[in-house]
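Chain by chain, the residues run as shown.
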Amino acid sequence: MMGFSHDEIMELLGAYALDAVDDHERDAIEAHLPECPRCSAEVADHREVAAMLAYSGAPAPEGVWSKIADTLEEPPPELDLAGLTGRRPAPVATDELAQRRDRRDRRPVLLGAAAAALLVVGLVAGAFIGADDATPSDPGELAAASIETLARDALNDPSAKQVSLSSPDDEPISATAAVHSDGSGFLLGTSLPALDARETYQLWGVREGVVVSLGVLGHSPDVVAFHLDPTTEALAITVETAGGVPVSNNPAILVGTVA
Amino acid sequence: MSVDQLEQASDATLVVSIGRYHEDALAEVYRRHAGAVFALSRRLLSDRTLAEEIVQEVFLRLWNDPDRFDPQRGSLRSYLLAQCHGRSVDLIRSESSRRRREEKELTLAAEAGYDLEREVWDLAVGDRVKNALRELPDGEREAILLAYFGGHTYREVADLLDTPEGTVKSRIRAGLKKMRGELTAVGIG
Ligand SMILES: [Zn+2]
């Protein structure tokens, strides 16, 4: 750490927390902090004290909020779900799109964790679909054939929501999903071309502007069971590298609104 | 989230919402903390326009990069204030304000005996924080106030107070630790 002993680093932590060290000292401390929980905790404590010194009941400055609100970046068109809301999205400059993607790239933690959790839920729930109907106790025994039967039943069930997924780019591909009110759903009737084995289709649900993975569909999907939150507003399918991703940066090739 | 939910949400919850592009959540964080952020930058920069720019920058940064705030490592308020302090001090130390700074230091030197007591009274801090500050040995209190509100490095503080650098460095740390202890003991912090 640039010639500083641990004791020397520790002696500097108070001054560091008040931004009162020189650049070379700050660099040494910042190189050290990530690997030392003790020093990190001390800095955090010092900063809490500093925050109390700075405490002020002063009101927020006038006029600054409106400046901030004006500059706020719009939410990205999640997964480029063009046409989801039934209206055409405004044309977006290429570099602006790049910036939006860039923002999403930088924030894998929040969405990533949520999506990863839901990915698991989605797949497990998919395997358990039909448990109510005295289907095999071992979900592993739920054969592809019976998923197909359940899917057809869902498609013919007037109480299930039917979702037509179509291409935002007017490609001649489509898929249909049927979703029961309890959130169990099936994707079928896909006319998706088989992908290279290193790629996979992945299904996504959009709810309150948040995109969560509903499952990895494989490179040549036929009928797939999934589970979604009943308040999901839209479904989308992307092409990802095999295994799927927690957060997609790719445009949706199929989208459909959950009516 | 409804207005009620927003007002009752914890800071950490609001930051999660900010991560989902909920502007209302940022507005609520602003309502809670912008006053303190502004007061600190204003105090450090004594220039209203610059101070407002810092406020804008701090909140936009939270919007653009909410993941940088780690609720495990401290309160949102201390995080925002630390960002504000760091940016304000950068400005103070930048080339463009060097001249202003030199003038300020001349003024400081001219005021025989920096009126620290007044500084303390000027702080819009709670009585307990004031008490905790007052109970510090003079040398520790002076060093902390000059560093934090004067935007001085500990080396500059050492010059101003005509005290060895190592002593100032230790006093800042010791003083902060004592205040932490005091404030924790009375249930704040
Ligand atoms: Zn350490």
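Residues numbered from 1 in each chain as written. Chains lettered and ligands numbered in written order. Predicted model: local features only at pLDDT ≥ 70, side-chain atom pairs only at ≥ 80, totals over all residues. Heavy atoms only, no water.

Peer 1: When you look at the overall build of chain A in this model, what are you seeing that I'm missing?
Peer 2: Each helix and strand in chain A was counted, giving 7 helices and 8 strands. In chain A, buried positions account for 43% of the 259 residues. Residue pairs at least 24 apart in sequence account for 60% of intrachain contacts in chain A once pairs closer than 6 positions are excluded. (Helix = DSSP H or I, 4+ residues; strand = E, 2+ residues; numbered from the N terminus. Buried < 20%, exposed > 50% of the residue type's maximum accessible area, 1.4 Å probe, protein only. Contact = heavy atoms within 4.5 Å.)

Peer 1: For this particular structure, what's the right way to read empty space enclosed by the protein?
Peer 2: Any empty space left between atoms is shown by rolling a water-sized probe over those atoms. Applying the stated criterion to the full structure yields 2 cavities of 30 Å³ or more. In this structure, the largest cavity encloses a volume near 60 Å³. What lines the largest cavity is Ala17(A), Asp19(A), Arg47(A), Ala50(A), Ala51(A), Ser78(B), Leu81(B), Ala82(B), His85(B) and Tyr148(B). Within the residue set of the lining of the largest cavity, elements represented by two or more residues are helix H3 (37-53) of chain A together with helix H5 (76-93) of chain B. Broken down by element, the residue count for the lining of the largest cavity peaks at 4 residues, all from H5(B). Taken together, the residues that form the lining of the largest cavity break down as 6 nonpolar, 2 polar and 2 charged. (1 Å grid on protein atoms, 1.4 Å probe; cavity = no way out; pocket = protein on both sides within 12 Å on 5 of 7 lines; lining within 4 Å. Points joined across faces, edges and corners; volume = space filled by probe spheres on them. Nonpolar A, V, L, I, M, F, W, Y, C, P; charged D, E, K, R; others polar.)

Peer 1: Looking at this model, I keep getting lost on the interface of chain A and chain B. Mind explaining?
Peer 2: Many authors give the size of an interface as the accessible area that is lost as the parts come together. The interface of chain A with chain B comprises 53 residues on the first partner and 62 residues on the second. In total, about 5,100 Å² of surface goes out of reach between chain A and chain B, with carbon and sulfur atoms giving 61% of it. When residues of chain A are sorted by the area they lose upon contact with chain B, Leu18(A), Leu53(A) and Trp65(A) head the list and together hold 13% of the total. Our enumeration of links across chain A and chain B arrives at 17 residue pairs in polar contact (both at pLDDT 80 or more). (Buried area = accessible area lost by both parts, 1.4 Å probe. Polar contact = N/O pair within 3.5 Å; in protein donor to acceptor, adjacent residues only side chain to side chain.)

Peer 1: I'm lost on unusual backbone geometry in this one. Help?
Peer 2: The bulk of non-glycine residues show a negative phi, and the bulk of peptide bonds are trans. Although it is not a glycine, Asp19(A) adopts a positive phi angle of roughly 55°. Mapped onto the elements of the fold, Asp19(A) is located in the loop between helix H1 (6-17) and helix H2 (23-32).

Peer 1: Please clarify how the coordination of the zinc ion should be interpreted in this entry.
Peer 2: Coordination angles at a metal have ideal targets, namely 109.5 degrees for four tetrahedral donors and 90 or 180 degrees for six octahedral donors. Residues and elements named next belong to chain A. Taken together, His6 (NE2), His32 (NE2), Cys36 (SG) and Cys39 (SG) make up the full set of protein donors to the zinc ion, lying 2.0 to 2.2 Å away. Ordering the donors of the zinc ion by residue number gives the pattern H-x25-H-x3-C-x2-C. Of this pair, His6 sits in helix H1 while His32 sits in helix H2, and the two are 26 residues apart along the sequence. For His32, a relative accessible area of 5% puts it in the buried group. (Donors = N, O, S within 2.8 Å, 3.2 Å for Na, K, Ca; no water.)

From the geometry alone we can't say anything about function, so treat these as descriptive.
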